Amino acid sequence: MPVPSIDPFHALSISALAHELAAQGRSIIHMEFGQPSTGAPRAALERARHVLATDPMGYWESQPLKERIALHYHETYGVSLQPAQVILTCGASPALVLALMTSFVPGARVAMARPGYVAYRNVVRALHMTPVEIPCGEEERFQLGVRAIAALDPAPEGLILASPANPTGTIVPADEMQAIADLCRARGICVISDEIYHGLSFGARARSILEYDPDALVVNSFSKYFSMAPWRLGWLVVPPAKIEAARARMGNLFLPPAALSQHAALAAFDCRDELDGHMKTYRRNRDLLLRALPEMGLRHIAPPDGAFYIYADIRHLTDDSMTFCRRLLLDTGVTTAPGVDFDPVDGKHFIRFSFAVATDLIEEAIRRMVPWFRQQADLTSGGIPV
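What counts and what doesn't
Along every chain, residues carry numbers that run from 1 in the direction the sequence is written. Note on the predicted model: pLDDT of at least 70 is required for a residue's local features to be given, and 80 or more for side-chain atom pairs to be given and counted; whole-chain, interface and lining totals, by contrast, use all residues. Excluding hydrogens and water, the side-chain figures rest on all heavy atoms present in the structure. Centre distance within 6.5 Å is the pairing criterion for rings of Phe, Tyr and Trp, where only the six-membered ring of Trp is used; planes under 30 degrees apart are then read as stacked, over 60 as edge-to-face, and the remainder as tilted. In this description a helix means any DSSP run of H or I spanning at least four residues, a strand means any run of E spanning at least two, and both kinds are numbered starting from the N terminus. The criterion for a charge sitting over a ring is simple: Lys NZ or Arg CZ within 6 Å of the ring centre, and within 35 degrees of the ring normal. Paired strands, as defined in this entry, are two strands with at least two bridges between them according to DSSP. Think of each axis as a best-fit line through the C-alpha atoms, taken over the contacting stretch in the case of a helix, with angles from 0 to 180 degrees between the N-to-C directions. The classification of residues rests on relative accessible area computed with a 1.4 Å probe and restricted to protein chains. Under 20% of the type maximum is buried, over 50% is exposed, and intermediate values are partly exposed. Two helices crossing with the near one rotated counterclockwise from the far one by less than a right angle form a left-handed crossing, whereas a clockwise rotation gives a right-handed crossing. The contact definition used throughout considers only heavy atoms, calling two residues in contact when any of these lie within 4.5 Å. Side-chain classes follow a simple rule in which Ala, Val, Leu, Ile, Met, Phe, Trp, Tyr, Cys and Pro form the nonpolar group, Asp, Glu, Lys and Arg form the charged group, and the remainder, Gly included, forms the polar group. We call a crossover right-handed when, viewed with both strands directed away from the observer, the connection leading from the first strand over the helix to the second proceeds clockwise. To qualify as a nonpolar core, a set must consist of buried Ala, Val, Leu, Ile, Met, Phe, Trp, Tyr and Cys residues joined through side-chain atoms within 4.5 Å. Angular relationships are summarised with four words: roughly parallel below 35 degrees, roughly antiparallel beyond 145, roughly perpendicular across 65 to 115, and oblique for the angles in between. A helix's residues, less one, multiplied by 1.5 Å, set its expected span. Note: the arc covers the axis-to-C-beta directions of the helix.

Q: I'm lost on the packing of aromatic side chains in this one. Help?
A: The geometry of two aromatic rings is summed up by the distance between their centres and the angle between their planes. Tallied over the full model, the rule gives 21 aromatic pairs. A centroid spacing of 5.5 Å and a plane angle of 40° characterise the contact between tyrosine 73 and tyrosine 77, whose relative ring orientation is tilted. In this pair, tyrosine 73 and tyrosine 77 both sit in helix 3 (residues 63-77), four residues apart, roughly one turn of the helix. Counting every residue linked through ring pairs, the aromatic cluster contains Phe222, Tyr225, Phe226, Trp235 and Phe269. Cation over ring: arginine 286 sits above phenylalanine 202, and NZ or CZ is 4.7 Å from the ring centre.

So this is what it looks like as C-alpha cells:
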C-alpha cells in the first residue's frame, strides 16, 4: 500500500513569511491562526509555578482532571460520563487521530463539511481512510445539514462534525443536531464531533453531540476557550465500549500529555470569570470587523456564530487565495489564512480572518486593510462592487 499523499497546511508558510518580515523589523499583525493572544488564566499559571518548584513530575494522567472534565459535561450539557471515558491527549490533534483509529479501519469512508479544518481530510488520508467532502456553501451557512448527510449513498462509516466550525464559526442549531444524530444512528454512521470552540458563542450556546448520541466521540482542547494553546493539552471522550481500544492507542502512540499542563488545566476550570471576560474582547473584535468588511468590499461571509473567525468571499478580487494572502501580508503586514487550506475546490475564492488578537491590533489591521482592499477592487473592477 503506497504512502498516502496529503496537502500542506498553507497558513504555516504564510505565517513563516510573517515571522521573517517581523525579524526584519516589519510591523506584523497575526490573524492567520486561531490562537488566543490572552494566555493562560492567572490561577493556572500560579499552579504551574508551584508545581515546577515542588514536584519533579513524570508520566502521569491526572484522575482529578478527568473527573473535572466529566463534571463539566454534566454541568454544561446535562450529560453523565464516567471519568474513564475521558482520554487526555497532547492537544486536539492527537485526539482526532485517536478517534479515527479507534473507530475505523483503513479504507473507511469518513464524511465532513467542505469548507472544513484542513487536518480533517489530511489526517483521514494519512490513516489510509477516504475523506468524503460535502460541499457547504453560503445557502447552507457553510455548515453540514441532515439532508446533505442523508443524500450520501452509500452511507459513510463515519462523520466529522464541527460546531462551531473552523473556518466559518457557524453553529449547528439544536434541532438540526438532533436530526443529524438520529440519521447517523439509523444509518450506522459513527460521529466524531470536534467541539474545540465550545464556550465561544455569540448567541445561543453550541450543543454537544453527546446530548443526542451517547455513542459519539468528542474531541476537545484547552487551546481555545481556556486560552492555553501552547500547553498542548486536549481530550477525547469515547463511549464505554471504546475505552480500552482508545487507551491502548494513546499509550502506544503518544503517552500521557505533559504533567505540568494537566496541573495547570485543573486550576483553569476555576477561572470562568476571567475566561468569560475574553469573550467581551472577541465580541468587540467581531463587531469591528463586521462593520469594516463592507468598506473592504467583502459582503459575502459565513455568519460568525461562534469561535473567532470570519470566512470571506474574495472571488471579485482573485481566484488565487494563497497569492492574495501573501500580497496582503507583504503590502500591509496583516497575516490571514488562505481558503485553499479549508476547501481544495472553492477555497481559492476565500480567506479567513482570525479575530483572536487584542482589540487594538484589530483596529490597526482595519486601518491598514480598508484602503488596500479598495485599491485591489479598483485594480480588478474599477471600484468596489455594490
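Next comes the rest of the description.
Q: Could you clarify how one ought to interpret the sheet that holds strand 8 (residues 234-237) in this entry?
A: Strands in a sheet are paired, the pairing made by backbone hydrogen bonds, and the direction either parallel or antiparallel. With respect to topology, seven strands assemble into an open sheet ordered 2-8-7-6-5-3-4, the strand pairing being mixed. In this open sheet, the two strands that pair with only one neighbour each are strand 2 (86-89) and strand 4 (130-135). Recorded for the sheet is a direction-independent mean angle of 20° between the axes of neighbouring strands. Note: strand 2 against strand 8, four bridges, orientation antiparallel. Looking at strand 8, one finds that leucine 88 is bridged to tryptophan 235.

Q: What's the story with the pairing of strand 9 (residues 309-313) in this structure? I'm lost.
A: The two faces of a sheet get side chains in turn, since along a regular strand they alternate between them. The buried fraction of strand 9 amounts to five of the five residues, a majority that puts the element mostly inside the structure. The alternating pattern of strand 9 places Tyr309, Tyr311 and Asp313 and Ile310 and Ala312 on opposite faces, both of which are buried. Pairing between strand 9 and strand 12 (residues 350-354): five bridges, direction antiparallel. The residue of strand 12 that forms the bridge with isoleucine 310 is phenylalanine 353.

Q: Would you take a moment to explain the packing of helix 3 against helix 9 (residues 259-268) for this structure?
A: Each pair of packed helices can be summarised by the angle the axes make with each other and by the distance between the axes. It is the contact of helix 3 with helix 9, at a shortest axis distance of 9 Å, that shows an interaxial angle of 40°. Relative to helix 9, helix 3 is oriented so that their crossing is left-handed. Across the interface between the two elements, Pro64, Leu65 and Arg68 from helix 3 touch Gln262, Ala265 and Leu266 from helix 9. Tallied by class, residues from the contact of helix 3 with helix 9 come to four nonpolar, one polar and one charged.

Q: Got a minute to help me understand the pairing of strand 5 (residues 158-162) in this structure?
A: The buried fraction of strand 5 is high, at five of five residues. Both strand 5 and strand 6 (residues 190-194) contribute to a ladder of five bridges, which runs parallel. Residue pairing across strands places leucine 161 opposite serine 193, the latter belonging to strand 6. For the crossover that starts at strand 5, traverses helix 7 (residues 174-187) and ends in the parallel strand 6, the hand is right-handed.

Q: I keep staring at the nonpolar core and nothing clicks. Help me out?
A: For soluble globular proteins, nonpolar side chains are generally found buried alongside one another. By size, the foremost hydrophobic cluster in this structure holds 125 residues, and its most contacted members are Tyr73, Leu100, Phe222, Phe353 and Phe373. When sequence neighbours within four positions are dropped, the list of residues in contact with phenylalanine 353 reads Met31, Leu289, Leu293, Met296, Leu298, Phe308, Tyr309, Ile310, Ala312, Thr336, Met369 and Phe373. Ala302, Tyr311, Phe342 and Phe350 belong to the second-largest nonpolar core, a separate cluster that totals seven residues.

Q: Would you mind going over the packing of helix 4 (residues 92-103) against helix 8 (residues 243-253) with me for this structure?
A: Put simply, helix 4 and helix 8 touch, their axes get as near as 9 Å, and they point 130° apart. It follows that helix 4 is oblique to helix 8 by the angle criterion. By crossing handedness, the relation of helix 4 to helix 8 is classed as right-handed. Here Leu98, Met101 and Thr102 of helix 4 come into contact with helix 8, specifically with Ala245, Ala246, Arg249, Met250 and Leu253. Along the lines of polarity and charge, the residues of the contact of helix 4 with helix 8 split into six nonpolar, one polar and one charged.

Q: I'm lost on helix 1 (residues 10-23) in this one. Help?
A: Helical periodicity: at 3.6 residues per turn, an α-helix aligns residues three or four positions apart in one direction. Spanning 14 residues, helix 1 covers 20 Å between terminal C-alpha atoms, matching the ideal 20 Å at 1.5 Å per step. Of all the positions in helix 1, only Ala11, Ile14, Ser15, Leu17, Ala18 and Leu21 are classed as buried. On an axial view of helix 1, the arc spanned by its buried residues comes to 155°, and they lie on one face. Those residues of helix 1 hidden inside the fold are in contact with strand 1 (29-30), helix 11 (321-332), strand 10 (334-335) and strand 11 (337-338). At the exit of helix 1 stands glycine 25, carrying a positive phi of roughly 100°.

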